[in-house]
Amino acid sequence: GSPSGDVGSKPPSADEQSLKRWSKITQDMHTILSQNSVLALCHFLCQAGSGHGSTSEGDTFQMTTDILVALAASQAHLDMVRSELMRVLVSLVTDIESSLAKCEIMTAEPSTLETRFLRVVRALAEVFKEALKKMPEKELKIEEFLDAAKIDTLWGALDRTLDRLADTEVIATPAQRLLSLGVAPSAMRTEAASGLSEETKAHFASNVQAAPPKPLLNRLLPLIEAFFVLHDGAKEAEQDKQDKEDKKKAKDQEEAQIASGTPVAAGAKVFEEVDEVSFVEKSRLGQFCKRHRRPLNALIKQTPGLLSKSFSPLLKHMSMCLDFDNKRANFRAQLRSRRMESRYETIRLRVRRSEIFMDSYHQLRQRSSEEMRAKIQVQFQNEEGIDAGGVGKEWYTALARESFNPNYALFIQAGGKACTYHPNAMSYFNQDHLQFFQFIGRIVGKAIHDGQNLEAWFTRGFYKHMLGKKVIPADLEAFDPEYFSNLKWMLDHDITGIVELHFCAESDELGRQKIVDLKPNGRNLPVTNENKHEYIQLMAEHKMTNSVRQQIDAFLKGLHEIVPPEMLSLFDDKELELLISGLPDIDVEDLKANTEYHNYTPQSEQVQWFWKVMSEFTQEQRAWFLQFATGTTRVPVEGFKGLVGMRGPQKFSIHRAYGADRLPSAHTCFNQLDLPDYPSEDVLREKLLQAVRDGHEGFGFA
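Residues numbered from 1 in each chain as written. Predicted model: local features only at pLDDT ≥ 70, side-chain atom pairs only at ≥ 80, totals over all residues. Heavy atoms only, no water.

> Explanation requested: the pairing of strand β1 (residues 347-351) in the structure shown.
Every other side chain in a regular strand lies on the same face of the sheet, so the side chains alternate between the two faces. Going residue by residue along β1, you find Ile347, Leu349 and Val351 tucked away on one face and Arg348 and Arg350 left uncovered on the opposite face. Note: β1 against strand β2 (residues 376-380), 5 bridges, orientation parallel. Paired with leucine 349 across the strands is valine 378, a residue of β2. Each parallel crossover has a hand, and the one from β1 via helix α18 (residues 356-364) to β2 is right-handed. (Buried < 20%, exposed > 50% of the residue type's maximum accessible area, 1.4 Å probe, protein only. Helix = DSSP H or I, 4+ residues; strand = E, 2+ residues; numbered from the N terminus. Pairing = 2+ DSSP bridges. Right-handed = clockwise from strand over helix to strand, strands pointing away.)

> What am I meant to see in the pattern of salt bridges here?
As a working rule, side chains carrying opposite charge can pair if their charged atoms are close by. What the rule picks out here adds up to 34 salt bridges. The closest approach of N and O atoms between arginine 219 and glutamate 114, which form a salt bridge, is 3.0 Å. Pair noted here: arginine 219 is in helix α11 (residues 215-230) and glutamate 114 is in helix α5 (residues 112-134), with a separation of 105 residues, a long-range link. Here arginine 219 and glutamate 114 have matching classes, each one buried. Two residues, glutamate 681 and lysine 612, come together in a salt bridge whose shortest N-O distance is 3.1 Å. Here glutamate 681, found in helix α31 (residues 681-695), pairs with lysine 612, found in helix α29 (residues 605-616); they are 69 residues apart in sequence, far enough to count as distant. Counted as one network, the salt bridges with shared partners bring together Lys612, Glu616, Glu681, Asp682 and Arg685. (Salt bridge = Lys/Arg side-chain N within 4 Å of Asp/Glu carboxyl O.)

> Would you mind showing me how to read the pairing of strand β12 (residues 672-676) here?
Along β12, 5 of the 5 residues are buried, which leaves the element largely enclosed by surrounding structure. Neither face of β12 is exposed, since Gln672, Asp674 and Pro676 on one face and Leu673 and Leu675 on the opposite face are all buried. Direction of pairing for strand β10 (residues 652-657) relative to β12: parallel, over a ladder of 5 bridges. Bridge pairing links arginine 656 to leucine 675 in β12. As paired elements, strand β11 (residues 665-667) and β12 share 3 bridges and run antiparallel to each other. Following the sheet pairing, histidine 667 is matched in β12 by glutamine 672. Counting the residues in the hairpin turn of β11 and β12 gives 4 residues, including asparagine 671, whose phi is positive at 50°.

> How should I be thinking about the nonpolar core in this particular structure?
Inside soluble globular proteins, nonpolar side chains tend to come together where they are buried. With 160 residues, the main nonpolar core has Phe117, Ile224, Phe311, Trp395 and Phe610 as its most contacted residues. Per-element accounting of this core gives the leading share, 11 residues, to helix α4 (residues 75-102). With sequence-adjacent residues up to four places away left out, phenylalanine 117 is seen in contact with Leu89, Leu92, Val93, Ile96, Ile151, Leu154, Trp155, Leu223 and Ala226. (Core = buried A, V, L, I, M, F, W, Y, C linked by side-chain atoms within 4.5 Å. Contact = heavy atoms within 4.5 Å.)

> So what exactly am I meant to see when it comes to the side chain of asparagine 326 here?
Structurally, the position occupied by asparagine 326 is in helix α17 (residues 324-341). Here the side chain of asparagine 326 touches asparagine 297 through a polar contact of 2.9 Å, side chain to side chain. Not counting residues up to four positions away in its chain, the partners in contact with asparagine 326 are Asn297, Ile300, Lys301 and Leu307. (Polar contact = N/O pair within 3.5 Å; in protein donor to acceptor, adjacent residues only side chain to side chain.)

> Sorry if this is basic, but what is going on with unusual backbone geometry here?
A negative phi angle is the norm for most residues apart from glycine, just as the trans form is the norm for most peptide bonds. The backbone phi angle of alanine 409 is positive, close to 55°, even though this residue is not glycine. Counting through the fold element by element, alanine 409 comes out in the loop between α19 (390-403) and β3 (411-413). Phi is positive for asparagine 599, close to 65°, though the residue is something other than glycine.

> Is there a simple way to explain the packing of aromatic side chains in this structure?
Any pair of aromatic rings gets described here by the distance separating the centres and the angle formed by the planes. Considering all chains together, one arrives at 31 aromatic pairs under this definition. With a centroid separation of 4.8 Å and an interplanar angle of 55°, the aromatic rings of phenylalanine 462 and phenylalanine 555 are classed as tilted. Pair noted here: phenylalanine 462 is in helix α21 (residues 460-467) and phenylalanine 555 is in helix α25 (residues 549-562), with a separation of 93 residues, a long-range link. Each member of the pair, phenylalanine 462 as well as phenylalanine 555, is classed as buried. Counting every residue linked through ring pairs, the aromatic cluster contains Phe404, Phe411, Tyr421, Phe437, Phe458, Phe462, Tyr463 and Phe555. Above the face of the phenylalanine 61 ring, arginine 119 is positioned so that its terminal group lies 3.6 Å from the ring centre. The ring of tyrosine 483 is capped by lysine 543, whose NZ or CZ atom sits 4.7 Å from the centre of that ring. (Phe/Tyr/Trp six-rings, centres within 6.5 Å; stacked < 30°, edge-to-face > 60°. Lys NZ or Arg CZ within 6 Å of the ring centre and 35° of its normal.)

> What's the story with the state of the cysteines in this structure? I'm lost.
This structure, assessed with the given rule, holds 0 disulfides. With no disulfide of its own, cysteine 289 lies closest to cysteine 321 among cysteine sulfurs, the gap being 5.5 Å. Note on cysteine 289: relative accessible area 0%, which makes it buried. Its relative accessible area of 5% is what places cysteine 321 among the buried residues. (Disulfide = S-S within 2.5 Å.)

> Is there a simple way to explain empty space enclosed by the protein in this structure?
Summary: where empty space remains is shown by rolling a probe the size of a single water molecule over the atoms. With the rule as written, the count across this model stands at 3 cavities of 30 Å³ or more. As for the second largest cavity, its lining consists of Leu399, Ala400, Ser403, Phe404, Phe439, Ile440, Ile443, Val444, Leu454, Ala456 and Phe458. Taken together, the elements giving at least two residues each to the lining of the second largest cavity come down to α19 and α20 (433-450). Among the elements that make up the lining of the second largest cavity, the one with the highest residue count is α20 (4 residues). In terms of residue class, the lining of the second largest cavity is made up of 10 nonpolar, 1 polar and no charged. (1 Å grid on protein atoms, 1.4 Å probe; cavity = no way out; pocket = protein on both sides within 12 Å on 5 of 7 lines; lining within 4 Å. Points joined across faces, edges and corners; volume = space filled by probe spheres on them. Nonpolar A, V, L, I, M, F, W, Y, C, P; charged D, E, K, R; others polar.)

> Is there a simple way to think about the packing of α4 against α5 in this case?
Describing two packed helices takes the angle between their axes plus the distance from one axis to the other. Their axes nearest at 10 Å, the elements α4 and α5 cross at an angle of 150°. By the criterion of interaxial angle, the relationship of α4 to α5 is roughly antiparallel. Remark: the crossing between α4 and α5 carries left-handed chirality. Touching Leu78, Val81, Arg82, Leu85, Val88, Leu89, Leu92, Val93, Asp95, Ile96, Ser99 and Leu100 of α4 are Leu113, Glu114, Arg116, Phe117, Val120, Val121, Ala123, Leu124, Val127, Phe128 and Ala131, all from α5. Split into classes, the residues belonging to the contact of α4 with α5 amount to 18 nonpolar, 1 polar and 4 charged. (Axes fitted to C-alpha atoms, helices over the stretch in contact; angles between N-to-C directions. Parallel < 35°, antiparallel > 145°, perpendicular 65-115°, else oblique. Left-handed = near helix turned anticlockwise from the far one by under 90°.)

Read these as spatial facts, not as claims about activity.
Here you go:
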């Protein structure tokens, strides 16, 4: 062997040398720094500062914190830093508490107390983290330290002050108002088709704008940030993870039991949504977020960047407390940063309108998921439209419609009154069915990615699959209401001697009888009054999930190639439906409030007639008009103020055109309607109807 010693060993690298030098400097610093210097640093950190929070000032405070954290690695300095910060903390807690009690909601003066408190809390959290790394044997707990500072009484005062701000934000956008009704957007679509009830109309008509946060709320922001520093939900999230693993083990054991033929008691509450409350939700963090949902959302709406910084525990662990608009803004921001990383050429499609599905499929199937994030430009064969945005919107609309074409046998229409779709268990008659499902998944993902709305509505269960959430028997109601009511009848009555069923699902596939066991040897196991709960559970799972497992997996593969599942998991099933399909109702008043005029004014006769005619249109005629004027029948989730043209946000506009014998024409790339100056309301009505009926599909130059 080679002789010991340094002969032949490599000299230390530049990094190693630098590290060595730094640890020597740190060591010397610990020895040299007097008590007074450390106290001076603590004192500086706790200074008021100028109050206008300049960046250089913030950097200086941050540097001070970093030095104190480095010092805390030595026991002597740790005790000193802790006791000094503790002294400041105790006095700040008392001062803030008494000043909050006197604060007026509308006239609260900005104060530096809260900002100093946030700085001290951040420094302390860092100091403890570092000290714990360096001296694990000490078992240092910041909680005990904070208890001594009576910081809990301050959180109580914060709770009470936020409660005084209960009316901070009014649900402002049409999407928020719809979600607050608690119904599925597709159910609203059915109601809209038959005319909205007065109650629903009133709910939508209240076009209240969100008020900016009140002065007191802005003053409280540093306190809320400090709360999130000390309650980050990490410990509880770990408990939840463990709990999930334990439950999975128990479920696996149960399934093994079922396989061996041992009966298993199923819960009696088969059709109820079981909301399991997680450890995070029960924690102080969870309670705080639920209780102060409105002020928290108002602050995020004002400063969206909070979610990626100090409010990140709310995003990570309690996203159900975020408003849809804030979730969507955060989701869009994440997509934008992903798009920055992707540098691909525009994809140019040339498709026949009559073969839009197959042409698009063949031209896009070879593209990688990275390429699919690029811009798509569409040309319909034998049509003159130039795609500056409008033709692309039309392509999404027509392609989504064609995906549900019964000839492809990919989806079946659910039995509920809303026209929703679910994968077809017999889609395998089409030999390319799984590739088609993957393709449709990619198109849905691409539409979400591009902020385009699709005419595609799915069953509750299918949205839940997209989100990776558990589908429950109650979701069967929207899928097959008749079958659902039969199962519910079984649940509510004694079935002994009335119902003769076995643990299997029977179906007729083109004249062939197909039997699928719901559990091993199920076709020979009779359903009794004792085991009917289990039968209902398994049957619902079979109908909505297991019988179409391959189709669902292929669709999800395509969807997740474009939009990762962890980004989608922010939404619930109703929000996801809005994200994909936009608002179900076309509100003429909202369109009117977001319209610009060129060579017309809102008072012009033709404009007054136009809005009167529009208000008399049926929902279907309004959809035709939207298709004609904007290239899509979908209303953006923010309402009409969110319309997009070729250069970004672009409101609907009405331009004066000349020639009373001409039809109105449209430029969908600019959401622009050219309206001739017709001599009467009747002429306008007739010409507008003719134009939207003939022209809501197909691009030709007027």
